[in-house]
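# Per-entry structural report
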Amino acid sequence: EFIDVTNAVDVKVYTVGREYAHAETRKSPVVDGHVRRNSDGKEMRFVTQLTPMERKFAQDVSAAFGQRVCGFDILRSSNGSSMVMDVNGWSFVKGNEDYYKEVARILDARFQEALRHRWFARFVDPETVGRITYESRWILKGVFDVCRHADRTPKQKIKCVLRCPPILNLLDGGRSEVIFRKQSQLRRTLGALRSARASALANDGSSDDICTAEKPQLTTVQSLDHLIDVLSRKIDMPGTKVQVKPLKSKTSFGSNGGVDAVQFVLKWGGECTHAGRVQSQDLGENMRKDLLLLNRHLLDDVKIYSSAERRVLSTVASYVGSFLDEPESQVMEQPGLVEVRSEMLDDSTVAKDEMEVAKTQLREFFNFEGPLRDNPFKRFVDPQNPFSSATSPRAFLKKMCDIMCKLIARLETNFHRLSKADLARMQAKWCCNETAELFRERWRKILDDFQSVEKAPDGTVLRVTYDPGKVGVLYDSLKYDALHNRCFLERIFMTPDDLSAELAAMAEEDERAANAKPLDSNNNTASPLASADDTAVDAAISAVKKTCINNDDGLDEDDYLEMGSGSSHREAQQAENLDKIPAARPLLIEPTPLSAISPWLRRQPSTTTLPSTTTLTALGDESRPCQVSETATTTTTTTSNPLGSVNSSNQAPTDGSSGPESDADGSSGSNEHSEPPPEYPPDPLFTQKEVRELYYSAKLLFDFVTWREYGTDAAQRKRIGVQASVPLLKQLIADLKDTQNGDHARTRFYFTKESHIYTLLNLVFLCDIPTMEPFNKMGELDYLTHIIFEVYERKADVDANVGSEYSLRIGLSPGASCLHVLDVAMDPTHALKVLPRRNFSHHTPLDKAIGMLQALLDEQDAEKE
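The model shown is predicted, which means the values in this text are computed figures rather than measured ones. (Residues numbered from 1 in each chain as written. Predicted model: local features only at pLDDT ≥ 70, side-chain atom pairs only at ≥ 80, totals over all residues. Heavy atoms only, no water.)

### Section: the pairing of strand β14 (residues 451–455)
Inclusion rule: For two strands to pair, DSSP has to find at least two bridges joining them. Per the convention used, a helix needs a DSSP run of H or I reaching at least four residues, while a strand needs a run of E reaching at least two, with both numbered from the N terminus.
As paired strands, β14 and strand β15 (residues 461–466) are joined by five bridges and run antiparallel to one another. When the sheet's bridge partners are listed, K455 is paired in β15 with V461.

Structural data, given as structure tokens:
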């Protein structure tokens, strides 16, 4: 018999006992063969209320099958009746908080009832059941969380060295760095640049007035024109700032306190996004729940230290508001709760010289013209890898640059061919102050920064130099656009013919949708899940609207009405958002399987690291620059990936010894790879083959380069780590000692930026604290990565007169990380879920752990003496 099902949905029912049943609806996959999934890869479901008849079904099924915990499926027909179609037996709800709260209440009641009927009940004080006590067991007494900021917009900057008097006057006679953020300060800076340009024109653009560090081939006037143009367009954007850093003077005389040159740095972007605030709220809420379970007294003494950066402070406000369950505005205004410590949590200038040495070595490694075996920095890769004599790290960057040139050529062609109306149709809404023109400008700058072309006076190319350090900007932009500008990223890099076909298909689809959507009795478009209970959805929308609306996002209130409740608790999404996932649309360009990029691609068991080696193509002559041209043809040859492993060792040596850097770091662990992931992510949503290849190549390069920017060997990592993290390390040690000597539990947060996360984790590896993961298996540390130092206390029996014992364990979460970010079906919050923290170290006696950390500081003091 055919059943005409209401709205083509199934009802999944879960019982706990005979009195409680939880029900959810889902779109039946038999409709179009597609399963609708959220950002976590889980099937989208919506809570619904059962009818009295359906509740009777739940009781009868549980009794008939003799299972108090049971799951079964119901179909609702259009005539109002329901039918049980399938009984699944022992089954649980996935990810619904209300379900588990109710289950906990039921279990607690049953346990309490059972306790009253047992012989030992007279020995148990009912008032102490569930109460945390300190006697005779380990309890969590201190939590010290070093956390990176949340999702942000891509950072961009321009650097140059200026000797113009109008620019030197910005120091106002001082010799310390000044930072301009306010509108009035930026306009003063813009005026100084214009005055400097006028002086340069009067001097025929003499190069004595300016020396551009990043693009030395530019003249004085060209460099100033570029600075003036960018600052005038970014001056009203949130996050735009100018740093003027005095350089060492060649003479002690002069009207500017002996300063005859400054480093002028113009930065924009890097602002916390609406997704970042949602991530912060969810993480803060989860941390609060964890600590309430482990030791609620940890919330009695809370202190937050923060960097002075806007994106970090925005993360603090959202996180701490959820953690303390208080409005964000009140949290930031509480005296003594949040303390800004720039010297401790902002970038350190002390380690700058040593880091520049590491970056220079990386540039030389990647720009060496020759096989890997002759590379003077070949120690960066594992010698066990069977590279051919033709393998070259330079070829790897050359290939990436060629892909970027091809994509930028398509972007420029499409921008010239399309009208503004067509560009607007490619992505209906933009967030985070982004526009199509800013997208275009950002991608052109990425290519321009990635390679530097040195030419002879006659225009002949002398040398092309690649900067592997710029891969961070490329990788950040790819992830950012995949999450926030997916539609535009997918379409703007299409070939013109494919894009025209796509726009035509969109027009036809819109026309069919307008003519085919059914109307309800009020002539409104009917929801495909109209029977779902909207209570949870309304509550989620209200929560996000209250906490996330910010003019900096470029979103109005109506945009936020389309959002769910957060990344980890936003199962209730508006049903209409399901129609926005383009899973049913045929792919215009066949995607490249991962095996075409890397046959050895491995997902590590505890991190989202990428392949140890890859097979890519090296295009043409390495000495020529990448040209932005669609018509250029090149000959391709297959080479091996010169990068080797993500950090230092690709695979375990055959003799059973540890890798070259494992011994130096004091870390150990298996180097064997886990099973490979599927050749291609399930249900791929992204259609652009070249963008996909560029993303996975950038991921490989990013994981290889980023860790080595903080030291290419153990000794250099220790120097950089200690120099960059001395104030933070001292504060951590002091807080650990205070917890050991104090009487009460406490929680401390240290919100910082990427650099401190990498350097601090390097120090953990290098101080001999036993870790559960080897250094060479570490992958990317994404937004909201947090390193948690947990102090446990055990008190003996009071009659034994034995002092307390203390233990330290370190936990780590790699943050909001996703390997296949191009293929994640995002909800309108654009927020990836923060991965759960895992145990990173074994339990270590607290005194011993403090001594290991203190030894790093003592070693530095000894070197100074």
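Next comes the rest of the account.
### Digging into the nonpolar core
Spelled out, the test is: By nonpolar core we mean a set of buried residues, namely Ala, Val, Leu, Ile, Met, Phe, Trp, Tyr and Cys, connected to one another through side-chain atoms within 4.5 Å. When accessible area is computed with a 1.4 Å probe and restricted to protein chains, residues below 20% of their type maximum are described as buried, those above 50% as exposed, and intermediate ones as partly exposed.
Judged by nonpolar contacts, the single largest core of 135 residues is most densely connected at W443 and F789. In terms of nonpolar packing, the next biggest core, distinct from the first, is built from 30 residues, C160, I167, V262 and F264 among them.

### Some thoughts on the sheet that holds strand β3 (residues 46–47)
How we decide: The contact rule is simple, with two residues in contact once any of their heavy atoms fall within 4.5 Å. Interaxial angle, 0 to 180 degrees, is taken between N-to-C directions of lines fitted to C-alpha atoms, where a helix line uses only the stretch in contact.
Pairing is antiparallel across the open sheet formed by five strands, whose spatial order is β3-β2-β1-β4-β5. The open sheet has two edge strands with one neighbour each: β3 and β5 (82–89). Contacting β1 (9–16) and β2 (20–27), helix α2 (residues 97–116) crosses the sheet at an angle of about 165° to β2.

### Digging into the environment of L224
Among the structural elements, L224 can be located in helix α5 (residues 220–234). Look at L224 and you get buried, because its relative accessible area is 0%. Sequence separation between L224 and L162 is 62 residues; the distance between their C-alpha atoms is 9.5 Å.

### Structural notes on the confidence of the model for the protein
Worth spelling out the cut-off: Scored from 0 to 100, pLDDT reflects the predictor's confidence in each residue.
Across the protein, the average pLDDT comes to 76, with 72% of residues at 70 or higher. Per-element confidence in the protein is highest for strand β18 (residues 746–752), whose mean pLDDT is 97, and lowest for strand β16 (residues 615–619), whose mean pLDDT is 29. Overall, residues 132–136 carries pLDDT values under 50, and its contacts beyond four positions in sequence, including any with other chains, amount to 16 contacts. Low confidence marks residues 206–213, where pLDDT is under 50. Its contacts with residues over four positions away, or in another chain, come to 25 contacts.

### As for a nonpolar patch on the surface
This is how the line gets drawn: Here the term patch refers to residues with relative accessible area over 30% and no salt bridge, with like charges joined within 9 Å and nonpolar side chains (Val, Leu, Ile, Met, Phe, Trp, Tyr) within 5 Å. To measure how exposed things are, a 1.4 Å probe is used in the Shrake-Rupley method; for residues, cover is taken only from the protein chains shown. Salt bridge, as applied in this entry: a Lys or Arg side-chain nitrogen positioned within 4 Å of an Asp or Glu carboxyl oxygen.
On the surface, W90, F92 and Y100 cluster together to form a nonpolar patch covering roughly 360 Å² of accessible area. Residue position: F92 is located in the loop between β5 and α2. You can call F92 partly exposed: its relative accessible area is 36%.

### Some points on the packing of aromatic side chains
What counts is decided by this rule: Centres within 6.5 Å are what make two rings of Phe, Tyr or Trp a pair, Trp counting through its six-membered ring; a difference in plane orientation under 30 degrees is then read as stacked, over 60 as edge-to-face, and the rest as tilted.
Under the counting rule described, the total for this entry stands at 27 aromatic pairs. Ring geometry for F415 against F488: centres 6.3 Å apart, planes inclined by 70°, an arrangement best described as edge-to-face. Residue F415 is found in helix α11 (residues 393–417), and its partner F488 is found in helix α15 (residues 486–492); the two are separated by 73 residues along the sequence. Aromatic rings pair up to connect F415, W430, F439, W443, F488 and F493 into one cluster.

### As for helix α10 (residues 352–367)
Spelled out, the test is: Here the expected length of a helix is defined as 1.5 Å per residue gap, with one fewer gap than residues.
Over its 16 residues, α10 extends 22 Å from the first C-alpha to the last, a length consistent with the 22 Å expected when each residue adds 1.5 Å. Along α10, the positions that sit buried rather than exposed are E354, M355, A358, Q361, L362, F365, F366 and N367. Check the buried side of α10 and you find it contacts α11, β15, α20 (689–709) and α21 (714–741).

### Quick look at unusual backbone geometry
Positive phi, close to 65°, is recorded for N433, a residue that is not glycine. Residue placement: N433 occurs in the loop between α12 (420–426) and α13 (436–450). Look at N433 and you get partly exposed, because its relative accessible area is 29%.

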